[in-house]
Every structure is written in structure tokens, then in C-alpha cells.
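Coordinates in review
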Amino acid sequence: MSLRVRTVVNNDEVEFLCQPYDSLLLVLRDQLMLTGTKDGCGTGDCGACTVLLDSRHVCACLVLAAETDGRTVETIEALGSGRELHALQRRFLEAGALQCGVCTPGFLVSAKALLLEHPRPSEEEVRYWLAGNLCRCTGYDKIVRAVLQAAEDLNADAEASR
Amino acid sequence: METFTQPGTEAELWDLLDQHENPRPLAGGTDLLVQLRTGKRRPECIVDIKRIPAFAEIGNRNGSFRIGAAVTCRDIVRASAGEPRMEALTGLCQLIGSRQIQNRATFGGNVCNASPAADSVPLLMAMGARYVLLSRDGARTIPAEDFATAPGRSVLRPKELLQCIELPASQAGTGDAFLRVTPRTEMDIAIASAGARIQVDKAGVCTNARIAIGGVAPKPLLVQDAAEALVGTVLDAAALERFVFLVRQRADPIDDVRGTRTYRRHVIGVLAKRAAETARDRAVAARQGEGH
């Protein structure tokens, strides 16, 4: 029995049909063709499927698509503006904070959520905040540095536009 | 046939539960959805309780701090911000899983999932928590230590749900603490855990103690015979030694992939001791802060 769900995804009003037990991750990737969000483990352990649900970062594999009715979803595709990279994306590239790139969307969305809540995190805070995102390639250090640098960039921008 | 429903009122909820054979309530989904994917559970109907006000309560009412079954760890942290003596509880909320998990996971779900290693339960027990269980016929309240009966099992009746967790207002001069050991530093299931509440008088002597241990028995255990060994003492070495001995005696752990029976029995003594000491330190600080 299909359910009809109405939600806002990346600022677009979206309507889709799904099965009752379909995850948000499945619908994002297979129906809405937003394949930036990755399927790493399916059990909420790796964070590769991290998205924002009503501005809170969550694992899309642990949310039923039907639960998003009337809510807002933001994925990695909403980071940056298409032509211009977000400070986090720029710093990740410069720092070499990715290799295979599969964990990267999840890290970027988590980092975005972190910086919205804690614009000046310490290194320790960054590490704890990102504990829900696993990376098999980089060893994490460059990711942490990139996030700290992006935080400085964003704070400098905020200062400059005062 | 699989169904997903989102009742907006209690009346709708009871009707839905009556209409289906095997309905499963959904709060944060951080246990249920994993069970779905691994095939451990396949309910015929999932009932999302998050839009029903009765399960969303968070705050002080009628002399206790109430945590609705659908309230997330993150919301607990926010709501506890101004409350005194919530350090252990908010610390626990930020320890569970990851930030992503904390944005969805609920204490209600953790309690009802009834894992012997449930993270929230030892501290809730030490804090004297009571659970309000709700059904079409009304509500009943039971102490936290009487809820779980066996791994994954509880006293919940069919078509009965946990409505909220009640934490009685803590007394002056009390401190709480929770400690656990996990195989990895984050994102893991506890090998063993301990929750403690200690109350001290002006001289720093323990006047009351509640200690609960997790991961070392088919369900979390309140170990009051061990806790009694601390009352009337300043948690000196001899008192703690007796305490640790009694804690280890009550533990009845198993061997599994995360740890051996021998290790668990050893480490639960260490955890309980450290939790008691930390709770005592917080209690002493609370006494000083209260100007006694």
C-alpha cells in the first residue's frame, strides 16, 4: 500500500509515493535522484547518509520516508550554491580531506550542522561532534583541520559583513 | 500487510492498536528501524507516536521532572539547561550513539527496547525514576527497577505504551553519576555500566545511596544491599572495598562478543566504585553550593 508524502527537500516542495517501511535514504536516492547521500551501513552507525531533518542532522537510513510528511529535509546537494562552493567544501578540497569521497557528504552535512550550532568549536568539540561519521581512507586528521579552517572562514565572513 | 500510521491523538492511537495484530510504536526509530533492516522484527503495523502531545512532555510538573517517551536526547539536554543537578543526565544524553542518533533517539525507546545494556536505565534507576504506562484503560506508574523482566522483555501489557519517565525532584546534597565501558570510544553498546546517586550531609558523610548496574545480568539491577555499605561512611577505602565486593556478588554476566563473564564481573566493580565517588563529589559540591 503506497503512502503519499508531501515534504520540502532542499527548499523545493516535493511529493512522492513510497512504501510504509521505505527509509528516507532509499527515497532520496532512488526516487528523488539525490544520490549525494550515501548508503554506508543502513543501521545508523557510519553517518554516510547524514541529512538535515528540520535543521537537525540525522541518519536518513533511520528515518522512514513517511515520517518526513510536513517536515523539511536538506541534503548535501543544498550545500554551496551550484556555482560557488561552501567554505566547508573549499577547505575539504584544499586540505585533501577526502580520498574515495563516500563518507564526505555525510561529514559535510554534519560539519554544517556543527558550525550552525557552535560557530567556534574547539578541536575536541569537532572530534566529538563528528564521532557519528566514519572514514576508512583519510585517518580523520585532515577532515578535522578542514572543519576548523572553514569555521574560521565563516567567522571572518560574518565579521566582515558587520 | 505493512502499514505506517501517525495518530495525532490518544483516541486515534487506541483505535489503531485495536485494529492491528502486531502494532509497534515508533519514537526515534534508532532501535526499531535497525531491527527492521536486520530482520529481527517485522511488525505488521508501525504507529508513530511523535505527534501525540501526551508523549512529548518535557519539564517539571507535579513535583517531578517528566520526560515523555517521544522526547529526544537532544531535547532533554536543552530542557535540562536551567535545572539544577542534571549534570549526569545531560552527560548521558550526549554520550549515547552519536549526535545524529541523539537528535532522534529517546529514553522512552531505550527503556522499552529493554536491552540488558540499555544506556539510560542504570542512571534512571539510581535517580529513582518511575515510569508511567498508558493504555486505553488508564495509567499506572511503576518504579524503573520493576520494568524490565528479561532481555528485550518488560511488564508492558499488549496495547500498553510507556507514556513518560518521572524523575522525582532531587534532594539537597545529592549528586548523580553514570559510567560505562564500551569496546570503542564512540558509537558502541556498553560492556557494562553503572549509575549512582549519593546524598551527603554537611560533614560529607553519605546518608543515602542508590546504585544500579547494567550489562551484567538479564536486566539492569538495583543493588541496594551494596549501596547500604556506603551509607554512614565517607566512602573510605574499607567501605568501598565492601561495596565493590557486594556489587560483584550481585552481577551475573555472560560471555559475549563484547566481553567475558570474568571481565564484566571485574569491571562492574570498578565502574560502580568510580560512579559512586563521582556522585559523592557532586553531592559535596551541591552541599557547598547550597550554603550548608
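Residues numbered from 1 in each chain as written. Chains lettered and ligands numbered in written order. Predicted model: local features only at pLDDT ≥ 70, side-chain atom pairs only at ≥ 80, totals over all residues. Heavy atoms only, no water.

1. Structural notes on the overall build of chain B
- Counting its regular elements, chain B contains 10 helices and 14 strands.
- The C-alpha atoms of chain B give a radius of gyration of 19 Å, which matches the 19 Å a tight globule of 292 residues would have.
- Counting only C-alpha atoms, chain B reaches 60 × 45 × 35 Å along its principal axes.
- Counting all 292 residues of chain B, 55% fall into the buried class.
- Summing over all exposed atoms, chain B offers an accessible surface of approximately 12200 Å²; the carbon and sulfur share of this is 50%.
- Side-chain charges in chain B split into 38 positive and 33 negative, and the spacing between the mean points of these groups amounts to 3 Å. (Helix = DSSP H or I, 4+ residues; strand = E, 2+ residues; numbered from the N terminus. Rg over C-alpha atoms; globule rule 2.2 N^0.38 Å. Buried < 20%, exposed > 50% of the residue type's maximum accessible area, 1.4 Å probe, protein only. Areas by Shrake-Rupley, 256 points an atom, 1.4 Å probe, with all protein chains shown as cover. Lys, Arg positive; Asp, Glu negative; His and termini not counted. Charge placed at Lys NZ, Arg CZ, Asp CG, Glu CD.)

2. Some points on unusual backbone geometry
All names here are of chain B.
- In the Ramachandran plot, Asn 62 falls in the positive-phi region, its phi being about 55° despite a non-glycine side chain.
- Within the fold, Asn 62 resides in the loop between β4 (58-61) and β5 (64-68).
- Asn 62 gets classed as exposed once you look at its relative accessible area, which sits at 68%.
- Of note in the backbone geometry, Arg 85 takes a positive phi value of approximately 60° without being a glycine.
- Within the fold, Arg 85 resides in the loop between α3 (73-79) and α4 (87-93).
- What makes Arg 85 partly exposed here is its relative accessible area of 30%.

3. Some words on the interface of chain A and chain B
- Counting from both sides, the interface comprises 32 residues of chain A and, opposite them, 34 residues of chain B.
- Regarding the contact of chain A and chain B, the summed buried area is about 2700 Å², with carbon and sulfur atoms giving 57% of it.
- The largest share of the area that chain A buries against chain B comes from Tyr21(A), Arg56(A) and Leu62(A), three residues that together contribute 31% of it.
- Here chain A is connected to chain B by 5 salt bridges. (Contact = heavy atoms within 4.5 Å. Buried area = accessible area lost by both parts, 1.4 Å probe. Salt bridge = Lys/Arg side-chain N within 4 Å of Asp/Glu carboxyl O.)

4. Looking at the sheet that holds β4(B)
Residues and elements named next belong to chain B.
- Strand order in the open sheet formed by 5 strands is β4-β5-β10-β6-β7, and the pairing between neighbours is antiparallel. With partners counted over all chains shown, the strands left at the sheet margins are β4 and β7 (138-143), one partner each. Looking at each pair of strands side by side, their axes are set apart by 25° on average, direction ignored.
- Across 5 bridges, the pairing between β5 and strand β10 (residues 161-168) is antiparallel. Bridged to Ile 67 within β10 is Ile 165. (Pairing = 2+ DSSP bridges. Axes fitted to C-alpha atoms, helices over the stretch in contact; angles between N-to-C directions.)

5. A closer look at the nonpolar core
Residues and elements named next belong to chain B.
- Within the largest apolar cluster, 80 residues are counted, with the highest numbers of intra-cluster contacts made by Leu 89, Phe 107 and Tyr 131.
- Apart from the residues within four sequence positions on either side, Phe 107 is in contact with Ile 67, Val 71, Cys 73, Ile 76, Leu 89, Leu 92, Cys 93, Ile 96, Ser 120, Leu 124 and Ile 165.
- The next biggest cluster of nonpolar side chains, apart from the first, holds 33 residues, and it includes Cys 206, Val 244, Leu 271 and Ala 276. (Core = buried A, V, L, I, M, F, W, Y, C linked by side-chain atoms within 4.5 Å.)

6. Section: a nonpolar patch on the surface
- Together, Leu85(A), Leu93(A) and Leu98(A) make up a nonpolar patch on the protein surface, roughly 260 Å² of accessible area in all.
- The partly exposed category is assigned to Leu98(A), whose relative accessible area is 31%. (Patch = residues over 30% accessible without salt bridge, like charges linked within 9 Å, V, L, I, M, F, W, Y side chains within 5 Å.)

7. Thoughts on the side chain of Thr68(A)
Residues and elements named next belong to chain A.
- Along the polypeptide, Thr 68 turns up in the loop between β4 (56-59) and β5 (72-74).
- In this structure the side chain of Thr 68 is engaged in a polar contact, spanning 2.7 Å, whose partner is the backbone oxygen of Ala 65.
- When residues no more than four places from it in sequence are discounted, the contact partners of Thr 68 are Val 5, Arg 6, Thr 7, Phe 16, Leu 24, Leu 53, Val 63 and Val 73. (Polar contact = N/O pair within 3.5 Å; in protein donor to acceptor, adjacent residues only side chain to side chain.)

8. A short note on the pairing of β10(B)
All names here are of chain B.
- The buried fraction of β10 amounts to 7 of the 8 residues, a majority that puts the element mostly inside the structure.
- Pairing analysis gives 5 bridges linking strand β6 (residues 130-135) to β10, with the strands arranged antiparallel. The residue of β10 that forms the bridge with Arg 130 is Glu 166.

9. Structural notes on the pairing of β7(B)
Residue and element names in this part refer to chain B.
- In terms of strand pairing, β6 meets β7 through 6 bridges, oriented antiparallel. From the neighbouring strand, Leu 133 faces β7, where its bridge partner is Arg 140.
- Connecting the antiparallel pair β6 and β7 is a turn made up of 2 residues.

10. Comments concerning the packing of helix α3 (residues 104-117) of chain A against helix α5 (residues 141-160) of chain A
All names here are of chain A.
- The N-to-C vectors of α3 and α5 enclose an angle of 40°; their axes lie 11 Å apart at closest approach. Between α3 and α5, the angle falls in the class oblique. Between α3 and α5 lies a crossing of right-handed hand. Contacts between α3 and α5 involve Phe 107, Ala 111, Leu 114 and Leu 115 on the former and, on the latter, Ile 143, Val 147, Ala 150, Ala 151 and Leu 154. (Parallel < 35°, antiparallel > 145°, perpendicular 65-115°, else oblique. Left-handed = near helix turned anticlockwise from the far one by under 90°.)

11. Observations concerning the sheet that holds strand β1 (residues 3-9) of chain A
Residues and elements named next belong to chain A.
- Spatial strand order, β2-β1-β5-β3-β4: 5 strands in an open sheet with mixed pairing. The open sheet has two edge strands, β2 (12-18) and β4, and neither has a second partner. Going from strand to strand, the sheet's axes swing by 40° on average, the running direction of each strand aside.
- Where β1 and β2 come together, 7 bridges link them in antiparallel fashion. In the sheet register, Arg 4 faces β2, and the bridge partner there is Leu 17.
- Relative to the sheet, helix α1 (residues 24-31) contacts β1, β2, β3 (50-53) and β5, its axis offset from that of β2 by approximately 105°.
- α3 contacts β3, β4 and β5 of the sheet and is inclined by roughly 40° relative to β3.

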